[in-house]
Structures are given as structure tokens and as C-alpha cells.
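A look at the structure
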Amino acid sequence: MSTCKITPETIRAMKGRERIASLTAYDYPTTKQLDAAGIPLLLVGDSLGMVVLGYENTTHVTMAEIEHHLRAVVRAKPQALIVADLPYQSYTTVEAAVTNAKKLMALGAEAVKAEGGLNILPQVKAILAAGIPFLGHLGMSPQNVVAEGGYHVKGKQETERESLLADARALADAGAFAIVLELVAKTVAGEITRAIKIPTIGIASGPDCDGEILVTTDLLGTSPNYIPKHVKKNWGMGEQIRQAALEWKTSLQR
Ligand code: KIV
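Residues numbered from 1 in each chain as written. Predicted model: local features only at pLDDT ≥ 70, side-chain atom pairs only at ≥ 80, totals over all residues. Heavy atoms only, no water.

1. Some details on the site of the ligand
The immediate surroundings of the ligand are formed by Thr24, Leu43, Gly45, Asp46, Ser47, Asp85, Lys113, His137, Val180, Ile203 and Ile213. At 3.0 Å from an oxygen atom of the ligand is found a side-chain nitrogen or oxygen belonging to aspartate 46. Lysine 113 is positioned with one of its side-chain polar atoms (N or O) 2.8 Å from an oxygen atom of the ligand. Notes on the ligand: free accessible area 260 Å², of which the protein chains cover 96%. Of all the cavities here, the one that holds the ligand is the largest pocket. Partitioning the shell around the ligand into residue classes produces 4 nonpolar, 4 polar and 3 charged. (Near = heavy atom within 4 Å. Polar contact = N/O pair within 3.5 Å; in protein donor to acceptor, adjacent residues only side chain to side chain. Areas by Shrake-Rupley, 256 points an atom, 1.4 Å probe, with all protein chains shown as cover. 1 Å grid on protein atoms, 1.4 Å probe; cavity = no way out; pocket = protein on both sides within 12 Å on 5 of 7 lines; lining within 4 Å. Sits in = over half its atoms within 2 Å of the grid points. Nonpolar A, V, L, I, M, F, W, Y, C, P; charged D, E, K, R; others polar.)

2. Points about the pattern of salt bridges
Using the criterion set out here, one finds 9 salt bridges in the structure. In this structure, glutamate 9 and arginine 12 form a salt bridge, with 3.0 Å as the shortest nitrogen-oxygen distance. Of this pair, glutamate 9 and arginine 12 both sit in helix 1 (residues 8-13), 3 residues apart, which is roughly one turn of the helix. Taking relative accessible area as the criterion, arginine 12 reaches 29% and is therefore assigned partly exposed. Arginine 19 is the salt-bridge partner of glutamate 212, the closest N and O atoms lying 3.8 Å from each other. Here arginine 19 lies in the loop between helix 1 and strand 1 (20-24) and glutamate 212 lies in strand 8 (residues 211-214), a separation of 193 residues in the sequence. Since its relative accessible area comes to 45%, arginine 19 is described here as partly exposed. One salt-bridge network, in which partners are shared between bridges, spans Glu158, Arg161 and Glu191. (Salt bridge = Lys/Arg side-chain N within 4 Å of Asp/Glu carboxyl O. Helix = DSSP H or I, 4+ residues; strand = E, 2+ residues; numbered from the N terminus. Buried < 20%, exposed > 50% of the residue type's maximum accessible area, 1.4 Å probe, protein only.)

3. Some points on helix 5 (residues 94-106)
In an α-helix there are 3.6 residues to a turn, and that puts residues three or four apart on one side. If you check helix 5, its first and last C-alpha atoms are 18 Å apart, about what 13 residues at 1.5 Å a residue would give, namely 18 Å. Considered for burial, the residues of helix 5 that qualify are Ala97, Val98, Asn100, Ala101 and Leu104. Each element contacted by the buried residues of helix 5 is listed here: helix 4 (63-75), strand 3 (81-85), strand 4 (111-113) and helix 6 (121-129). Two residues or fewer after helix 5 comes glycine 108, characterised by a positive phi angle close to 120 degrees. (Expected span 1.5 Å × (residues − 1). Contact = heavy atoms within 4.5 Å.)

4. Considerations on the side chain of threonine 31
Among the structural elements, threonine 31 can be located in helix 2 (residues 28-36). There is a polar contact of 2.5 Å between the side chain of threonine 31 and the backbone oxygen of aspartate 27. Discounting residues that sit within four places of it in the chain, threonine 31 has contacts with Ala25, Leu42, Val73, Ala76 and Pro78.

5. Brief notes about the environment of leucine 135
Topologically, leucine 135 is positioned in strand 5 (residues 134-139). Its relative accessible area of 0% is what places leucine 135 among the buried residues. Considering only alpha carbons, one finds leucine 135 and alanine 84, 51 residues apart in sequence, at a separation of 9.3 Å. For leucine 135, the contacting residues outside a window of four places in its chain are Val83, Val112, Lys113, Ala114, Phe177, Ala178, Ile179 and Val180.

6. What about the sheet that holds strand 1?
The strand order 1-2-3-4-5-6-7-8 describes a closed barrel built from 8 strands, whose pairing is parallel. Averaged over all pairs of adjacent strands, the angle between strand axes in this sheet comes to 25 degrees, irrespective of strand direction. Note: strand 6 (residues 178-182) against strand 7 (residues 200-203), 4 bridges, orientation parallel. Each bridged residue has a counterpart across the sheet, and for isoleucine 179 the counterpart in strand 7 is threonine 200. (Pairing = 2+ DSSP bridges. Axes fitted to C-alpha atoms, helices over the stretch in contact; angles between N-to-C directions.)

7. Some thoughts on the layout of surface pockets
The calculated volume of the largest pocket comes to roughly 780 Å³. In terms of lining residues, the largest pocket is bounded by 33 residues, among which Glu182, Asp218, Tyr226, Pro228 and His230 are the most central. Elements represented by at least two residues in the lining of the largest pocket include exactly helix 3 (48-51) and strand 6. Taken together, the residues of the lining of the largest pocket sort by class into 16 nonpolar, 9 polar and 8 charged. Of the pockets and cavities examined, the second largest pocket occupies roughly 430 Å³. Along the wall of the second largest pocket there are 21 residues; nearest its centre are Glu115, Gly116, Asn119, Ser141 and Asn144. Sorting the residues of the lining of the second largest pocket by element identifies strand 5 and helix 8 (158-174) as the ones contributing at least two each. (Points joined across faces, edges and corners; volume = space filled by probe spheres on them.)

Here it is in C-alpha cells:
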């Protein structure tokens, strides 16, 4: 990994050369550590609602909350590309999408991400036309978890497979620099990866994507309620925090 600032173009050019390791970032000190490890893409994801703010799902996350965490990540001045999530209902119209994407860029984001394909193509095109790099997100859409009645694998049915491929092609043709594939059936994730020229970054979508993204607190083991199955190893840091506090408390006793 080079020591220069990572750009969307750097990420795009990694396809077929180096697998793209991506993690979420929500605060200043963790961003410093992830950047020191050479992680090229850091996402200020709306997952922060669940793993940092204690919400039940990501539909409660506001622009103000993304902005707050984005500011902290930007202060760490990482070499990594900083991508910020457009939260629930912040891109329902073209105007809102562009206004909110510009707000995040003005705070130091270097690209934005939104969930959807052909259904949000006018918004994606307008964001790109405003000169803002765009990261796609297809498959399971956590912002639709209530409407979809849970977190389900996408692409098992032929119609789903076809629409995922059409969505991926549309985002790539529009000019997205990469696409996150969340909970996409393994064979379909591989098919999409081969069908488009931009990288796919998988989460729980099998081994055939061009890269992987994890929620950092899942990797560290500090996510509050559960660690998803696709996280092969978590570092048990939740337990370490408990032990540190307990040992210190015990040491105070005379
Ligand atoms: O919000 C988030 O952290 C995400 C990743 C899980 C891709 O969208």
C-alpha cells in the first residue's frame, strides 16, 4: 500500500490487483489506528446508530449524527479515503440527495454512499454531476430493514439476481467508483464482480468480491448485542474493556 492519500481512483484501480480491505470509522482515536494499519477505505457508516448510539436499526440515524462522527474522523486526517453514509430518508429526492451529499463533502468526506440501484439512479447521477464521488450499496439494505421484515440474503431468486445485476451495471455506468454488496448470495456476488469494471466490496457476500468491509466494532468484539456470523474472528475487546474496569475497581480496595 502506498503512503499517498487514497482517492476514489486509487480504490477503483485496486480491482484485480489487491483486495480492498475496508472498515467503518466513527471516532478520532480508532480512525488513527485503522489508518496506521493501512486500511485504504474508511466508511462513516450509519451502522454507527446500532453499534455506537444504541438504536435498534439504522433508520433512526440523522444527518446531524453522521456529521458529528464524520467531523471526528476527518480530524484524524487519515490517508484512507473517507466515505460518509447518506442516512435514512436524506436522499428521497434529487435535491435532498445533492444538498446532503454537499454538506458531508464540505465537512471533509471524500465520497458518499447511499443504498439502492435503479430506484435511486436520478439521485446518484445528480450527486456525480455535482462532482461528488459515489460508492454504491446493493443487496440487503439496512435502511429498509423494517419494510423488508429483517436481514435476508438477496439474489437467491432469479428475479432478484437479474435486478441486482441490472442495478450494479446501472451504478457502474453512471460513474460510481465501487459498490458494496451486502448479504448477496455468494454466486451472484461473484457474477456481479465479473460483470462490472469497478470493484465490489462485500459484506457477508462470499469470497469472490474485490474487497471486504466490516463494521469495526464487530471485528474488535465491542458491538453491543451480537457479532454477526460472517465475522470469522473478533478480537474480544468488549471482554477486555470489562476486565480492565474490573481489575482497576478491585485495585482501589484497601
Ligand atoms: O453503515 C455501514 O456500516 C455499512 C456497511 C455495513 C457497509 O453500510
